[in-house]
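Results of the structural survey
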Amino acid sequence: MSISAASEIVPLEWVVSPGAPATAEPPALTEIEAAVEWLTAAAPALRRALHQHGAIYLRGLPITGVEEFGRVRDALMPARTPYREKATPRSDFGNGVFSSTDLPPAQRIQMHNENSYTLTFPGLLMFACLVAPPEGGATPVADCRRVLAELPPHLEAKVRATGWLLNRSYSEHISTSWSTAFAAETPLEVERYCAENLISCRWQADGHLRTSQLRPGIISHPATGDEAWFNHLAFWNEWALDDELRETLIDEFGREDLPFNTALGDGSSLAREELQALCAAYDAATVRQRWQPGDLMLVDNILCAHGRDPFRGDRKIVVAMGEPVNVLDCAPTVAPAIPAEES
């Protein structure tokens, strides 16, 4: 990531408590101008800590609104990454700042690496807390180096050899429409994007769209060389759905028209037991911190997955994505491609 600074500062004291991410408290700063100056000077130390821990928390910064967050983002993450192939609802506050998600508060969001299915994805995520919920609502993170180490050997070997498949069906009724997902107005625009980004694109008789893409599930960090588990394999797998919801959706639309589903790269299905083992690996690597207003969290999107806990009450967490990375620069164990039967 392109964090730079003119000078070093006194080293931060990173506290790593059991079950919590690495956390530090900067000097007391009450004005955003002073905070931006301090963060700019602290940037090299933040980068080293980020490469070590995967995600880092800074507490007590004077970030009270979208404007202040944008200034911090510009200081630490000047290179932005567009939000491509949209999949979940977000509010766009302008200037490259979004809500973390607008999914219902009661819904838990599974661990995932942001945009792991795109050919160019954000290398760095930045979250800030403007309003902390009174109950729940943490943004848990999981070190993907440890997730990889915790996986059953047979599952790790399968994904290393074949990658993973993402299959999507776009509908106005139960999922994101193709026009929203691809920010497109015409089918031709969608087809052009898919061809350029190694995605199969199949229009159905009733006009709705299905896509499929083969992506690597294990990549290496371009700066540290660390191998990491990097995908949405568990996040969008049918076995991650509530059993009753899964059965209802399959009965109504068929497995091929689930809004999202994943499989191993050779087309074979992920068994329920494999999904459970993958979730257990994430759980073993997951840490969380309760949000407080003014908190800033940096997440290396290759080294760490993130999610969201259910919550009650008001919650406003903003996010920005930057430092774009091309998957081909990450020594993928499988090259991204249109699935064989579609190529």
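This structure is a prediction, so every number in the text was calculated from the model and none was measured.

What counts, and at which threshold
Residues numbered from 1 in each chain as written. Predicted model: local features only at pLDDT ≥ 70, side-chain atom pairs only at ≥ 80, totals over all residues. Heavy atoms only, no water. Pairing = 2+ DSSP bridges. Helix = DSSP H or I, 4+ residues; strand = E, 2+ residues; numbered from the N terminus. Axes fitted to C-alpha atoms, helices over the stretch in contact; angles between N-to-C directions. Contact = heavy atoms within 4.5 Å. Salt bridge = Lys/Arg side-chain N within 4 Å of Asp/Glu carboxyl O. Phe/Tyr/Trp six-rings, centres within 6.5 Å; stacked < 30°, edge-to-face > 60°. Buried < 20%, exposed > 50% of the residue type's maximum accessible area, 1.4 Å probe, protein only. Lys NZ or Arg CZ within 6 Å of the ring centre and 35° of its normal. Patch = residues over 30% accessible without salt bridge, like charges linked within 9 Å, V, L, I, M, F, W, Y side chains within 5 Å. Areas by Shrake-Rupley, 256 points an atom, 1.4 Å probe, with all protein chains shown as cover. Lys, Arg positive; Asp, Glu negative; His and termini not counted. Charge placed at Lys NZ, Arg CZ, Asp CG, Glu CD. Arc of directions from axis to C-beta.

1. A few points about the sheet that holds strand 14 (residues 260–264)
Taken together, the four strands give an open sheet; going across it, the order is 10-11-9-14, and neighbouring strands pair in antiparallel fashion. With partners counted over all chains shown, the strands left at the sheet margins are strand 10 (200–203) and strand 14, one partner each. The average undirected angle you get between the axes of adjacent strands in this sheet is 15°. Running at roughly 95° to strand 14, helix 4 (residues 153–162) makes contact with strand 9 (164–170), strand 11 (209–215) and strand 14 of the sheet.

2. Considering the pattern of salt bridges
Evaluated as defined, the whole model comprises 17 salt bridges. Between Arg 272 and Asp 243 there is a salt bridge, and its shortest N-O distance comes to 3.4 Å. Of the two residues, Arg 272 is situated in helix 8 (residues 272–285) and Asp 243 in helix 7 (residues 243–253); the sequence distance between them amounts to 29 residues. Here Arg 288 makes a salt bridge to Asp 309, at a shortest N to O gap of 2.7 Å. Of this pair, Arg 288 sits in the loop between strand 15 (286–287) and strand 16 (296–300) while Asp 309 sits in the loop between strand 17 (304–308) and strand 18 (311–312), placing them 21 residues apart in sequence. Via salt bridges that share partners, Arg 73, Asp 74 and Arg 80 belong to a single interconnected network.

3. Observations concerning the packing of aromatic side chains
One pass over the structure, following the stated rule, counts nine aromatic pairs. Taking 5.1 Å as the distance between ring centres and 70° as the angle between the ring planes, the aromatic pair formed by Phe 235 and Trp 236 counts as edge-to-face. For Phe 235, a relative accessible area of 15% gives the class buried. Here the aromatic residues Tyr 117, Phe 235, Trp 236 and Phe 260 are joined through ring pairs into a cluster of three or more. In this structure, Arg 315 is placed above the aromatic ring of Phe 311, and the distance from its NZ or CZ to the ring centre is 5.4 Å. Sitting above the plane of the Phe 93 ring, Lys 316 keeps its charged end 4.9 Å from the centroid.

4. Structural notes on a negative patch on the surface
On the surface, a cluster of negative charge is contributed by Asp 242, Glu 244, Glu 247, Asp 251 and Glu 252. Mapping Glu 244 onto the fold places it in helix 7. Owing to a relative accessible area of 61%, Glu 244 belongs among the exposed residues under this scheme.

5. Looking at helix 6 (residues 187–196)
Those residues of helix 6 lying buried are Val 190, Tyr 193 and Cys 194. Angular distribution of buried residues about the axis of helix 6 spans 95°; they occupy a single face of the element. Exposed and oriented more than 90 degrees from the buried face of helix 6 are Leu 188, Ala 195 and Glu 196. If you follow the buried residues of helix 6, they end up packed against helix 5 (178–181), strand 10 and strand 11. One or two positions beyond helix 6, positive phi appears at Leu 198, with a value near 55°.

6. Structural notes on the sheet that holds strand 4 (residues 97–99)
What the seven strands build is an open sheet, ordered 1-2-16-6-19-4-3; its pairing is mixed. Whereas interior strands pair on both sides, the edge strands pair on one side only; in this sheet they are strand 1 (22–24) and strand 3 (92–94). For this sheet the average axis-to-axis angle between neighbouring strands, irrespective of direction, equals 25°. The sheet contacts of helix 1 (residues 32–53) involve strand 1, strand 2 (55–58), strand 6 (120–131) and strand 16, and relative to strand 2 the element is tilted by about 145°. Helix-sheet contacts for helix 2 (residues 66–76) involve strand 3, strand 4, strand 6, strand 16 and strand 19 (316–326), and the interaxial angle to strand 6 is about 145°.

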